Amino acid sequence: MRTKTVRVLLVEDDDGDALLVEALLDEANAPFIITRARTLAEAETLLADAECVLLDLGLPDSQGSDGLHRLLKKPGAPAILVLTGLDDEREGIDAVAAGAEDYLVKGQVDGELLLRGVRYAVERRRADDAQRKLREATLVAQERSRLERGLLPPPLLKGSDLDLEVRYQPGGQRMLLGGDFYDAVGLPDGTVHAIIGDVCGHGPDEAALGVCLRIAWRALVLAGAPPEKVLRTLDQVLVAERHGEGIFTTACMVTVAPDRRSARYFLAGHPEPLLVVGEQIVDLPQSKIGVPLGVLPDYAWTGVDVPLQPGWSLVCYTDGLIEGRVPDDTDRLGVERLCEIVQDQLQHDTTGWLDPVIAEVTRLNGGELDDDMAVLLLKDPR
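## Some words on the overall build of the protein chain
Link 1 in the chain: Along the backbone of the protein chain there are 9 helices and 19 strands.
Link 2 in the chain: For the protein chain, the C-alpha radius of gyration of 32 Å lies well beyond 21 Å, the compact-globule estimate for 382 residues.
Link 3 in the chain: The dimensions of the protein chain, computed from C-alpha atoms along their principal axes, are 95 × 45 × 35 Å.
Link 4 in the chain: Burial analysis of the protein chain (382 residues in total) assigns 47% to the buried set.
Link 5 in the chain: A separation threshold of at least 6 residues defines the contact pool for the protein chain, and within that pool the share at least 24 residues apart is 69%.
Link 6 in the chain: When the accessible surface of the protein chain is totalled, it reaches about 18800 Å², and 52% of it is carbon and sulfur.
Link 7 in the chain: Seen as two clouds, the 39 positive and the 65 negative side-chain charges of the protein chain have centres 3 Å apart.

Written out as structure tokens, the structure reads:
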């Protein structure tokens, strides 16, 4: 079986000791590529190319464990074996306690022992690195899960006569969490409020900002704030909490009247919702798409009133649903093609068409969508 070559950095200022180490490794026929540094400063410049370091504790620019500590602080430091004389054996033990993989006493090692020491040190470091990465991945996954729960909460619609379906799908080409969020709240008088939003960018900072905005929205709605004031307040919260000057958020907010015969929706730079009645997509009244949150100070968003017929469905979504690719086309999917897909699915099923629509959008993209996608569907069951 072929043995993998190991790149070893020998940090030794004494030519005789360096020659002895090289001879021992030659004698053991060790598959090592040896590079030598005579000072710690020189070793620091060569550290990135080494898988294992054989470090003398007595160097012209470093004495004792100081050199070990300096090397261990380097990002991605390799396995380090300390080479020490008999007089330094106590320091060798202390070096292991400080982070060295092992210590070897000059004059008491042969080639086979040195070979095994290097191999074991390299494998232990690889195992430690793998375990560390696993722990980090676990922590990231737990943090992602907490943020997703904050972005995508259970809606507060207990006792409401409206049906609600929600879908969320993270972008498949990356592992970063985005800032898509949604929520829905029913009030005692029967009014139902819903929001869907998208913080620009991807990552934990954007996700945390999305959680902040969603919680603020729910608190404002439960406090009975008018929809116009809700958006203005969210804009202030965004500006105060964002981590960068250019961070903005698009949002679509909907208020459904208690009699379910009308709704009012607000757009803050967000895609317009789709209104479905029976097997048809119904055109919404002409609306002005306001600017996203966090763009213009003191901006006033205005709502658009929509009459609703019995059996209506209102679909709100983030732009991840319409920014997928289409085969043999340089353009994105877009709203028009999305409407065609919805219309086609409605001809087959007027109740369970949401998942087939998402599946078709994904199929046209050739795989998982690049961007996060959230969909909120409010339905009148009459």
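## A short note on the packing of helix α8 (residues 334-346) against helix α9 (residues 354-365)
Link 1 in the chain: Closest axis-to-axis distance for the α8/α9 pair is 9 Å, and the angle between their directions is 135°. Compared by their axis directions, α8 and α9 come out oblique. At the point where α8 passes α9, the crossing takes the right-handed sense. Seen from α8, the contacting residues are Leu338, Ile341, Val342 and Gln345; seen from α9, they are Pro356, Val357, Glu360, Val361 and Leu364.

## Structural notes on α8
Link 1 in the chain: For α8, built from 13 residues, the straight-helix expectation of 18 Å at 1.5 Å per residue is met to within 8% by its first-to-last C-alpha distance of 19 Å.
Link 2 in the chain: Lining the buried residues of α8 we find β13 (274-277), β14 (280-282), β16 (312-317) and α9.

## Structural notes on the sheet that holds strand β7 (residues 102-105)
Link 1 in the chain: One open sheet accounts for 5 strands, arranged β2-β1-β3-β6-β7; its pairing is parallel. The open sheet has two edge strands, β2 (32-37) and β7, and neither has a second partner. Between one strand axis and the next, the sheet turns by 25° as a mean value, whatever way the strands run.
Link 2 in the chain: Note: strand β3 (residues 52-56) against strand β6 (residues 79-84), 5 bridges, orientation parallel. In the strand pairing of β6, Asp56 is matched with Leu83.
Link 3 in the chain: Sheet strands in contact with helix α1 (residues 15-27) are β1 (6-11), β2, β3 and β6, and its direction is about 175° off that of β2.

## Remarks on the pairing of strand β19 (residues 373-379)
The two faces of a sheet get side chains in turn, since along a regular strand they alternate between them.
Link 1 in the chain: Among the 7 residues in β19, 7 count as buried, and that is most of the element.
Link 2 in the chain: Residues Met373, Val375, Leu377 and Lys379 line one face of β19 and the alternating positions Ala374, Leu376 and Leu378 line the opposite face, and both faces are buried.
Link 3 in the chain: Here 7 bridges tie strand β8 (residues 163-169) to β19, and the two strands are oriented antiparallel to one another. Paired with Tyr168 across the bridge in β19 is Ala374.
Link 4 in the chain: For β16 and β19, the ladder comprises 5 bridges, and the chain directions are antiparallel. Residue Ser313 lies in a different strand from β19, and its bridge partner there is Lys379.

## A look at the packing of aromatic side chains
Aromatic rings considered in pairs are described by the distance between their centres and by the relative angle of their planes.
Link 1 in the chain: One pass over the structure, following the stated rule, counts 1 aromatic pair.
Link 2 in the chain: Look at Tyr299 and Trp301: their rings are 4.9 Å apart centre to centre, the planes differ by 70°, and that puts the pair in the edge-to-face class. Accessibility assignment for this pair places Tyr299 and Trp301 in one class, buried.

## A look at the side chain of His270
Link 1 in the chain: Looking at the secondary structure, you find His270 in the loop between β12 (262-268) and β13.
Link 2 in the chain: From its side chain, His270 meets the backbone oxygen of Tyr317 in a polar contact 2.7 Å long.
Link 3 in the chain: The residues touching His270, leaving out its near neighbours within four places in the chain, are Ile196, Gly197, Thr250, Ala251, Cys252, Ile289, Tyr317 and Thr318.

## A look at the pairing of strand β15 (residues 304-307)
Link 1 in the chain: With burial as the criterion, only one face of β15 is covered, namely that bearing Val304 and Val306; the residues Asp305 and Pro307 on the opposite face remain uncovered.
Link 2 in the chain: The pairing of β12 with β15 spans 4 bridges and is classified as antiparallel. Looking across to β15, one finds that Arg264 is bridged to Asp305.

## Re the nonpolar core
Link 1 in the chain: Core analysis: the biggest nonpolar cluster contains 27 residues, and Val254, Val256, Trp312 and Leu378 have the highest contact counts within it.
Link 2 in the chain: Elements supplying a minimum of two residues to this core: β9 (178-186), β10 (192-202), β11 (249-256), β12, β13, β15, β16 and β19.
Link 3 in the chain: Aside from chain neighbours lying at most four places away, what touches Val254 is Val192, His193, Ala194, Ala263, Arg264, Tyr265, Leu314 and Cys316.
Link 4 in the chain: Ranked by size, the runner-up nonpolar core spans 23 residues in total, among them Val185, Ile195, Leu231 and Phe266.

## Some thoughts on the packing of helix α6 (residues 204-222) against helix α7 (residues 227-241)
Link 1 in the chain: For the pair α6 and α7, interaxial distance at closest approach is 10 Å and the crossing angle is 150°. By the angle between their directions, the pair α6 and α7 is classed as roughly antiparallel. Where α6 crosses over α7, the two elements pack in a sense that is right-handed. Along its contact with α6, which presents Leu209, Cys212, Leu213, Ala216, Trp217 and Leu220, the element α7 presents Val230, Thr233, Leu234, Val237, Leu238 and Glu241.
Link 2 in the chain: Among the residues forming the contact of α6 with α7, the class breakdown is 10 nonpolar, 1 polar and 1 charged.

## Some points on the pattern of salt bridges
Link 1 in the chain: Per the stated rule, a full pass over the model turns up 22 salt bridges.
Link 2 in the chain: Note that Asp15 is salt-bridged to Arg38, the shortest N-O span being 3.9 Å. Residue Asp15 is found in helix α1, and its partner Arg38 is found in the loop between β2 and α2 (40-46); the two are separated by 23 residues along the sequence.
Link 3 in the chain: Given the relative accessible area of 41%, Arg38 is considered partly exposed.
Link 4 in the chain: A salt bridge links Glu360 to Arg363; the nearest nitrogen and oxygen atoms lie 2.8 Å apart. Of this pair, Glu360 and Arg363 both sit in helix α9, 3 residues apart, which is roughly one turn of that helix.
Link 5 in the chain: For Arg363, a relative accessible area of 54% translates into the label exposed.
Link 6 in the chain: Through salt bridges with shared partners, a single network forms among Arg7, Glu51, Glu123 and Arg126.

Rules used throughout
- Residues numbered from 1 in each chain as written.
- Predicted model: local features only at pLDDT ≥ 70, side-chain atom pairs only at ≥ 80, totals over all residues.
- Heavy atoms only, no water.
- Helix = DSSP H or I, 4+ residues; strand = E, 2+ residues; numbered from the N terminus.
- Rg over C-alpha atoms; globule rule 2.2 N^0.38 Å.
- Buried < 20%, exposed > 50% of the residue type's maximum accessible area, 1.4 Å probe, protein only.
- Contact = heavy atoms within 4.5 Å.
- Areas by Shrake-Rupley, 256 points an atom, 1.4 Å probe, with all protein chains shown as cover.
- Lys, Arg positive; Asp, Glu negative; His and termini not counted.
- Charge placed at Lys NZ, Arg CZ, Asp CG, Glu CD.
- Axes fitted to C-alpha atoms, helices over the stretch in contact; angles between N-to-C directions.
- Parallel < 35°, antiparallel > 145°, perpendicular 65-115°, else oblique.
- Left-handed = near helix turned anticlockwise from the far one by under 90°.
- Expected span 1.5 Å × (residues − 1).
- Pairing = 2+ DSSP bridges.
- Phe/Tyr/Trp six-rings, centres within 6.5 Å; stacked < 30°, edge-to-face > 60°.
- Polar contact = N/O pair within 3.5 Å; in protein donor to acceptor, adjacent residues only side chain to side chain.
- Core = buried A, V, L, I, M, F, W, Y, C linked by side-chain atoms within 4.5 Å.
- Nonpolar A, V, L, I, M, F, W, Y, C, P; charged D, E, K, R; others polar.
- Salt bridge = Lys/Arg side-chain N within 4 Å of Asp/Glu carboxyl O.

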